[in-house]
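# Coordinate inspection notes
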Amino acid sequence: MPKLLFTESYNKKAAKFLQKYSDLKKQYEKTLQLLELNPAHHFLRLHKLKGKFDDVYSVSINLNYRILLIFMILEDQIIPIDIGVHSEIY
């Protein structure tokens with residue numbers, strides 16, 4: 001089972017995001033739990049990005065908010081790198 005690995009940089013972004021969108025905290029936590037249990041779950045809408053985000057994946061918190069991820073498949077790690085509004089992080 002993959003493990004989430006949080007960086008200091010991501011934790012700061014997540015804290016700022018959750019302060020601004022405190023009503024999404026439960027959805028955010030559910031998304032992280034599901035990501036660790038089953039990254040391919042349809043609820044997450046996991047997909048690989050293209051262009052400047054070529055090695056990055058995205059999962060949905062809901063239709064407007066996303067978490068960008070780097071997957072380290074060989075080490076079975078998932079590293080969140082950014083969180084935010086769809087239009088702002090792409």
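Residues numbered from 1 in each chain as written. Predicted model: local features only at pLDDT ≥ 70, side-chain atom pairs only at ≥ 80, totals over all residues. Heavy atoms only, no water.

### Let's talk about the pattern of salt bridges
Spelled out, the test is: Basic side-chain nitrogens of Lys or Arg form a salt bridge, by our definition, when they fall within 4 Å of a carboxyl oxygen of Asp or Glu. By the criteria applied, helices consist of DSSP H or I runs no shorter than four residues and strands consist of E runs no shorter than two, each listed in order from the N terminus. Whether a residue is buried, partly exposed or exposed follows from its accessible area with a 1.4 Å probe, protein chains only, as a fraction of its type maximum: under 20%, in between, or over 50%, in that order.
For the structure on display, the rule yields 2 salt bridges. Glu8 is the salt-bridge partner of Lys12, the closest N and O atoms lying 3.6 Å from each other. Taken together, the residues Lys12 and Glu8, both in helix 1 (residues 8-20) and 4 residues apart, mark about one turn of the helix. Like Glu8, Lys12 is exposed.

### So, helix 2 (residues 25-37)
Operational definition: Any helix carries an expected span of 1.5 Å times its number of residues minus one. What the arc describes is the spread of directions from the helix axis to the C-beta atoms.
Taking 1.5 Å as the rise per residue, helix 2 with 13 residues should run 18 Å; its terminal C-alpha atoms sit 18 Å apart, in good agreement. Every buried residue of helix 2 is listed here: Tyr28, Thr31, Leu32, Leu34 and Leu35. All buried residues of helix 2 fall inside an arc of 165° around its axis, so they share one side. Helix 2 presents Lys26, Gln33 and Leu37 as exposed residues on the side facing more than 90 degrees away from its buried surface.

### Quick look at the pairing of strand 5 (residues 77-85)
A regular strand places its side chains so that they alternate between the two faces of the sheet. Heads up, the condition is: One bridge is not enough; two strands pair if DSSP finds at least two bridges between them.
Of all the 9 residues making up strand 5, 7 are buried; the element is thus mostly covered by neighbouring parts of the structure. As paired strands, strand 1 (residues 3-4) and strand 5 are joined by 2 bridges and run parallel to one another. When the sheet's bridge partners are listed, Leu4 is paired in strand 5 with Ile78.

### Some words on the nonpolar core
Heads up, the condition is: By nonpolar core is meant a set of buried Ala, Val, Leu, Ile, Met, Phe, Trp, Tyr and Cys residues that side-chain atoms within 4.5 Å join together. The contact criterion used is simple: two residues touch if any of their non-hydrogen atoms lie within 4.5 Å.
Grouped together as the largest cluster of nonpolar side chains are 21 residues, with contacts concentrated most on Phe17, Tyr28, Leu35, Ile67 and Ile83. Within the residue set of this core, elements represented by two or more residues are helix 1, helix 2, strand 4 (65-72) and strand 5. Ignoring anything within four residues of it in the chain, the contact list for Phe17 reads Leu24, Ile61, Tyr65, Ile83 and Gly84. Phe53, Val56, Leu68 and Ile89 belong to the second-largest nonpolar core, a separate cluster that totals 5 residues.

### Focus on the side chain of Asn62
For the record, the criterion: We call two N or O atoms a polar contact when they sit within 3.5 Å, provided that within protein one can donate a hydrogen and the other can accept it, with sequence-adjacent residues counted only if both atoms are side-chain atoms.
With respect to the helices and strands, the residue Asn62 is situated in the loop between strand 3 (57-60) and strand 4. Looking at Asn62, its side chain comes within polar contact range of the main-chain nitrogen of Asn64, at 2.8 Å. Separated by 3.1 Å, the side chain of Asn62 and the backbone nitrogen of Tyr65 make a polar contact.

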